[in-house]
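# Coordinate analysis (summary)
Now for the letters of each chain:
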Amino acid sequence: MTERKLIEVLTDVCESVKEDNSGFAWLTHTGHWRTPKVVAVFSREHEKQVAQTNGWDMDFISRVNIATAAIKSKPVGVYFDSEEAVSYTHLTLPTIYSV
């Protein structure tokens with residue numbers, strides 16, 4: 001198996017969960033294909049919080065685990081973020097210049 005297969009199975013998960021209308025926007029991963037870190041990204045922070053409160057996160061983790069097990073991959077973690085939180089963080093962090 002390869003990185004390409006990981007991308008394929010995660011894309012399938014991504015497309016299927018978009019149909020839930022939960023505010024989920026996209027996902028990404030980092031690390032080696034055998035032990036990726038998977039990040040689910042929502043459009044807004046509120047949508048992420050509602051999805052987690054309603055158990056959407058557990059269903060998502062289950063879908064990721066099933067999909068990755070099929071290619072003999074095991075995520076080291078599944079994380080949740082929002083585009084809104086990322087944008088806010090980038091706006092509020094000070095600019096650091098190296099000398």
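The following refers to the structure shown. None of the values given here were measured: they were computed from a predicted structure.

## Notes on the packing of aromatic side chains
Overall, the coordinates contain 7 aromatic pairs when judged by the stated rule. For the pair Phe24 and Phe60, a centre-to-centre distance of 5.8 Å together with 45° between the ring planes defines the contact as tilted. Taken as a pair, Phe24 in strand β1 (residues 24–30) and Phe60 in helix α3 (residues 56–69) lie far apart in primary sequence, 36 residues in all. This pair shows no difference in class: Phe24 is buried, exactly as Phe60 is. Between Trp56 and Phe60, the ring centres sit 5.1 Å apart and the planes meet at 15°, which makes this aromatic pair stacked. Taken together, the residues span about one helical turn, with Trp56 and Phe60 both in helix α3 at a distance of 4 residues. Looking at Trp56, the relative accessible area reads 10%, which means it is buried. Lys37 extends its terminal NZ or CZ atom over the ring of Tyr79, reaching a point 4.9 Å from the ring centre.

## Structural notes on the nonpolar core
Counting 20 residues, the largest nonpolar core has Val13, Phe24, Leu27, Trp56, Phe60, Val64 and Phe80 as the members making the most contacts within it. At the level of elements, α1 (3–18), β1, β2 (37–42), α3 and β3 (77–82) are the ones that each hand at least two residues to this core. Considering every element that reaches this core, the biggest residue donor is α1, with 6 residues. Look past the residues within four positions of Trp56 in its chain and what remains in contact with it is Val17, Asp20, Ser22, Phe24, Phe42, Ala51 and Phe80.

## Topic: the pairing of β1
Looking along a regular strand, one sees side chains alternate from face to face of the sheet. As paired elements, β1 and β2 share 6 bridges and run antiparallel to each other. Paired with Thr30 across the strands is Lys37, a residue of β2. Where β1 folds back onto β2 in an antiparallel hairpin, the turn is made up of 6 residues, including Gly31, whose phi is positive at roughly 95°.

## Topic: the pattern of salt bridges
Inspection of every chain in the model, using the stated rule, returns 6 salt bridges. The partner of Glu15 in a salt bridge is Lys18, with the nearest N and O atoms 3.5 Å apart. Within this pair, Glu15 and its partner Lys18 are both found in helix α1, separated by 3 residues, close to a single helical turn. Note on Glu15: relative accessible area 42%, which makes it partly exposed. We note a salt bridge from Arg44 to Glu84, for which the minimum N-O separation is 3.9 Å.

## So, the sheet that holds β3
Pairing in this open sheet of 3 strands is mixed, and the strands run β1-β2-β3 from one edge to the other. At either end of the open sheet lies a strand with only one pairing partner, and these are β1 and β3. Averaged over all pairs of adjacent strands, the angle between strand axes in this sheet comes to 20°, irrespective of strand direction. Sheet analysis places β2 next to β3, joined by 6 bridges and oriented parallel. Considered in β3, the bridge of Phe42 is made with Ser82. Packing of α1 onto the sheet brings it into contact with β1 and β2, and relative to β1 it is tilted by some 160°.

Parameters and conventions
- Residues numbered from 1 in each chain as written.
- Predicted model: local features only at pLDDT ≥ 70, side-chain atom pairs only at ≥ 80, totals over all residues.
- Heavy atoms only, no water.
- Phe/Tyr/Trp six-rings, centres within 6.5 Å; stacked < 30°, edge-to-face > 60°.
- Helix = DSSP H or I, 4+ residues; strand = E, 2+ residues; numbered from the N terminus.
- Buried < 20%, exposed > 50% of the residue type's maximum accessible area, 1.4 Å probe, protein only.
- Lys NZ or Arg CZ within 6 Å of the ring centre and 35° of its normal.
- Core = buried A, V, L, I, M, F, W, Y, C linked by side-chain atoms within 4.5 Å.
- Contact = heavy atoms within 4.5 Å.
- Pairing = 2+ DSSP bridges.
- Salt bridge = Lys/Arg side-chain N within 4 Å of Asp/Glu carboxyl O.
- Axes fitted to C-alpha atoms, helices over the stretch in contact; angles between N-to-C directions.

Structural measurements only, silent on function.
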